[in-house]
Amino acid sequence: MKVYAQLAKWTGKLGGRLADQSRRAAEVDKVLFYTVMILSVFGLVMVYSASFVYAQANTGDPTYFFKRHLFFLAMGLAAMFFAAGFGYQRLVGWAYPALIITMVLLVLVLLPGVGSRAGGSYRWLRLGPIGFQPAELAKLAFILYLACSLTRKQEKIKAFGQGFLPHLFVCAVLILLLLGQPDFGTAATLTIMLFLMLFVAGSRISQLVVSALIAVPMAYLLVAGSPYRLRRLMAFLDPWAHRFDIGYQISESLMSFGSGGVFGEGLGSGKHKLFFVPAAHTDFIFSIVGEELGLVGAVLVIGLFGVFVWRGIRAAKHAPDLFGTYLGFGLTALIAMQALINMGVVTGMLPTKGLTLPFFSYGGSSLVCSLLAAGILLGISTSQSKKSGSQQDAKVTWP
């Protein structure tokens, strides 16, 4: 009888858990989830299309980059599922440790013999054949720190010494470490994220305006004082005047993107990936989308990111606490800003920054961190409305 009683007890617990999981499955933002999955699979297909000729010529294996991207995609999806089920409120305790760990990693990148150099920059830490960019983690750690700190200092957010200056100092430390690599694109991204999140948190407009007025000439000096940044700016202002020199990359990107017309030349049929567009499967993959899938494909990609932003903002708006709102907004803004900058660079509307297209471009660090951010957003989206004040989102059942 005791065995039957214990079996009944276990059955009851299992039934309760299944019922709870069914309820949570209904709460998961399926639109956000499927949008992320479509972007990721779409990106996988485009990475193969953009890289198979280059991979064949350089490695002898046309699927080299495809297989590596697939591996990183699997890692990223695992991180996404874990983050969504972890419960975003539990991340509060990880905010400051994550920031410190990130700073340590950024320092290690700069140490001779530790950091790995590629493309003229020290941005990677390598473990065998796998490289990792701490700068990608720095974006997430900084947003997590801001969400936590701004929540705790909400009543003092308008005070310069407590609500503004500490966040500016942390951002400045990260920027100095990033400029040492150098990584101007990520440094600019963190600066923009700081101003956006301070604005949303309610900082004084005067503080933001004065800081921006100081930051603009500093950014100009950084660009003017660096020969390679100045060359990028010249290429942006007039790429055709430097068609076979500093403007080669953006010129080829514009020709690739424009040659697709409305419907494109067909998936896999693009010509400019044949050693014309540099970084065709990484930073400039959107130009291959325009060439092979045309205006229709480009609009589809933009539309998918638009849906992501819509659902991300919605998740942030309905988070049960202020921390979830700030965190959700920050992560959504980060993905949106990176996508806009990347597309702006590819289409010649912005100077070259070296930022990847989230979920799309080849690059393990970027892909894994983007999916990790999406997982946290999905975790926030499972929360009930703010009115309920519920804190119960430790587990997620997927659609």
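Before going into details, it helps to say that this report is about the structure given with it. The residue numbering used here restarts from 1 in each chain and proceeds along that chain's sequence as written. This being a predicted model, a pLDDT of at least 70 is required before a residue's local features are given, and a value of 80 or more before pairs of side-chain atoms are given or counted; all residues contribute to the totals for chains, interfaces and linings. Side-chain numbers here rest on the full set of heavy atoms in the structure, without hydrogens or water.

So, about the packing of helix H2 (residues 30-59) against helix H13 (residues 364-381). Between N-to-C directions, angles span 0 to 180 degrees; the directions come from axes that are lines fitted to C-alpha atoms, helices contributing only their stretch in contact. The helix and strand labels rest on DSSP assignments: H or I over at least four residues marks a helix, E over at least two residues marks a strand, and numbering proceeds from the N terminus. Contact pair H2 / H13: the axes reach a minimum separation of 10 Å and the direction vectors enclose 170°. Here H13 runs roughly antiparallel to H2, going by the angle between their axes. H2 and H13 meet at a crossing whose hand is left-handed. Contacts between H2 and H13 pair Leu-32, Phe-33, Val-36 and Ser-40 from the former with Leu-371, Ala-374, Leu-377 and Leu-378 from the latter. Of the residues contributing to the contact of H2 with H13, the split by class is seven nonpolar, one polar and no charged. With respect to orientation, any angle under 35 degrees is reported as roughly parallel, any angle over 145 as roughly antiparallel, any angle of 65 to 115 as roughly perpendicular, and every other angle as oblique. Two helices cross in a left-handed way if the nearer one is turned anticlockwise from the farther one by less than a right angle. They cross in a right-handed way if the turn is clockwise. Here a residue-residue contact requires only that any non-hydrogen atoms of the pair lie within 4.5 Å. In this classification, Asp, Glu, Lys and Arg are treated as charged, Ala, Val, Leu, Ile, Met, Phe, Trp, Tyr, Cys and Pro as nonpolar, and every other residue, Gly included, as polar.

What follows covers helix H4 (residues 95-110). How far a helix is expected to stretch is found by multiplying one less than its residue total by 1.5 Å. With 16 residues, H4 extends 24 Å between its outermost C-alpha atoms, agreeing within 8% with the 22 Å of an ideal straight helix rising 1.5 Å per residue. Among all positions in H4, only Ala-95, Ala-98, Leu-99, Thr-102, Leu-105, Leu-106 and Val-109 are buried. Each buried residue of H4 lies within a common arc of 125° when the element is viewed along its axis, so the set occupies one face. Three labels apply to residues, based on accessible area from a 1.4 Å probe with only protein chains included: buried if under 20% of the type maximum, exposed if over 50%, partly exposed otherwise in between. The arc refers to the directions leading from the helix axis to the C-beta atoms.

Once that is clear, we can look at unusual backbone geometry. The omega angle of the peptide bond from Gln-181 to Pro-182 is -5°, so this bond is cis rather than trans. With respect to the helices, strands and loops of the structure, Pro-182 is situated in the loop between helix H6 (160-179) and helix H7 (184-201). Of note, Phe-359 is a non-glycine position whose phi angle comes to about 70°, a positive value. Along the chain, Phe-359 falls in the loop between helix H12 (322-346) and H13.

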